[in-house]
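# A closer look at the structure
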Amino acid sequence: MPNPPAPSGNTTAPAIELTGVHKTYDDIRAVDNVSLTVPRGEFFGLIGPNGAGKTTLVEIMEGLRQADSGSVSVLGESPWPRNLGLLPRIGLQTQSSAFFFRLTAEEHLRTVAALYGVGRDAVARALDIVGLTEKAGERVENLSGGQRQRLAIASALSHDPELIFLDEPTAALDPQARRDLWKVLRDLKGAGRTIVYTTHHLDEAQALCDRVAIIVGGRITALDTPNRLMAASSSTTRLVVPAERLTLEQAKELPGVIEATHEGDVVVLETAESGPLLAAVEKVAGLQGVQTRTASLEDVYLQLTKTT
Ligand SMILES: Nc1ncnc2c1ncn2[C@@H]1O[C@H](COP(=O)(O)OP(=O)(O)OP(=O)(O)O)[C@@H](O)[C@H]1O
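Worth saying up front: this structure is predicted, and the values here are computed from it rather than measured.

The ligand sits among Tyr25, Ile28, Ala30, Gly48, Asn50, Gly51, Ala52, Gly53, Lys54, Thr55 and Thr56. Put simply, the parts of the chain that give the shell around the ligand at least two residues each are β2 (28–38) and α1 (54–62). If one sorts the elements of the shell around the ligand by residue count, α1 sits on top with 3 residues. A breakdown of the residues in the shell around the ligand according to their chemical character gives 4 nonpolar, 6 polar and 1 charged.

So, on to helix α3 (residues 120–129). Within the span of α3, buried status applies to Ala122, Val123, Ala126 and Leu127. Seen from one end, α3 has its buried residues packed into an arc of 135°, which puts them on one side. Buried positions along α3 lie against α2 (105–115) and α4 (145–157). Positioned one or two residues after α3, Gly131 has a phi angle of 70°, which is positive.

Attention shifts here to the packing of α2 against α4. Look at α2 against α4: their axes get within 9 Å of each other, and the N-to-C directions meet at 25°. As far as their axial angle goes, α4 and α2 are roughly parallel. In the crossing of α2 with α4, the sense of the turn from one axis to the other is right-handed. Facing Ala105, His108, Leu109 and Val112 of α2, the residues of α4 in contact are Leu151, Ala154 and Ser155. For the contact of α2 with α4, the class distribution of residues is 5 nonpolar, 2 polar and no charged.

Bridge count for strand β1 (residues 16–25) against strand β4 (residues 69–74) is 5 bridges, and the pairing is antiparallel. Across the sheet, Thr19 pairs through a bridge with Ser71, a residue of β4. Across 7 bridges, β1 lies against β2 in antiparallel orientation. Directly across from Val21, in β2, lies its bridge partner Val34.

What follows is about unusual backbone geometry. The step from Trp80 to Pro81 runs through a cis peptide bond, and the omega angle for that step is 0°. Mapped onto the elements, Pro81 comes out in the loop between β4 and β5 (90–93). Non-glycine residue Asp160 carries a positive phi angle of around 60°. You can see Asp160 is positioned in the loop between α4 and β6 (163–167).

About the cut-offs
- Residues numbered from 1 in each chain as written.
- Predicted model: local features only at pLDDT ≥ 70, side-chain atom pairs only at ≥ 80, totals over all residues.
- Near = placed C-beta within 6 Å.
- Helix = DSSP H or I, 4+ residues; strand = E, 2+ residues; numbered from the N terminus.
- Nonpolar A, V, L, I, M, F, W, Y, C, P; charged D, E, K, R; others polar.
- Buried ≥ 20, exposed ≤ 12 C-beta atoms within 10 Å, placed from the backbone.
- Arc of directions from axis to C-beta.
- Contact = placed C-beta atoms within 7 Å.
- Axes fitted to C-alpha atoms, helices over the stretch in contact; angles between N-to-C directions.
- Parallel < 35°, antiparallel > 145°, perpendicular 65-115°, else oblique.
- Left-handed = near helix turned anticlockwise from the far one by under 90°.
- Pairing = 2+ DSSP bridges.

This is the structure in structure tokens:
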């Protein structure tokens, strides 16, 4: 992949800088005092429950929505009022991407590219990046959901933007296509692009993002690298024991068990000290098939977003 083009505007400012941003819809505080900085080249994840304010926040960054208050800087410039100078420097893929009716994938991309004043080479490169070269001549309506998703990403890339916003880009993809797209996204980051990535897939955020912000009720409740979030979240470990060898009642009697739950064909034991518990499990059930599980980003997320 080629290096990004020489940026036209401020090249030293962070990709995104938000300070005290608020946005209210009637009585709903969609974005509540959000401050964050995304340095250039970062793969930045936004996760949070439905209605947490992610889309509103991203739309403010994209210049599609006006914040009520606070300051917003994107690539060193203010995106609002609508900043046409920023458009060639950012790429957007949204959940409701629109396509030109009856055009082939390549024609669609050529039309998008023409709007940005870039030529056919860029179109071929964008198709190649998302693995759609073989489908270039296929009409958009004949593409599968996943292929259309990739075309939407290609549309966000054709003009070689410095900053790319991707909103749940893997939502309609099968597991293999999802992994293929991860590679595309890692390559984009490797080529120096900054990526702001909204997802409900916690494994994805853990695998791809340099840092992740967890948003709940319009506020950032945690912001750090996935590893640091996981390390800080909980000191507990989970032991997973085949259910045919340990009943829930037995599990609850074992020393150091904070919580025991039945999950399908296993019993999951949560403990602050795995050593003594492992020894006790060995006595009662043996260690065959017993697994240890430390906190994942999903555990951190569930802990921070639980409502009860
Ligand atoms: N145009 C609007 N008018 C009024 N309320 C809105 C509008 N857009 C969003 N909201 C409300 O603002 C809050 C935040 O919505 P937003 O779409 O930003 O959340 P989200 O985190 O992107 O959700 P999801 O994960 O479901 O896409 C929600 O309570 C939503 O109902």
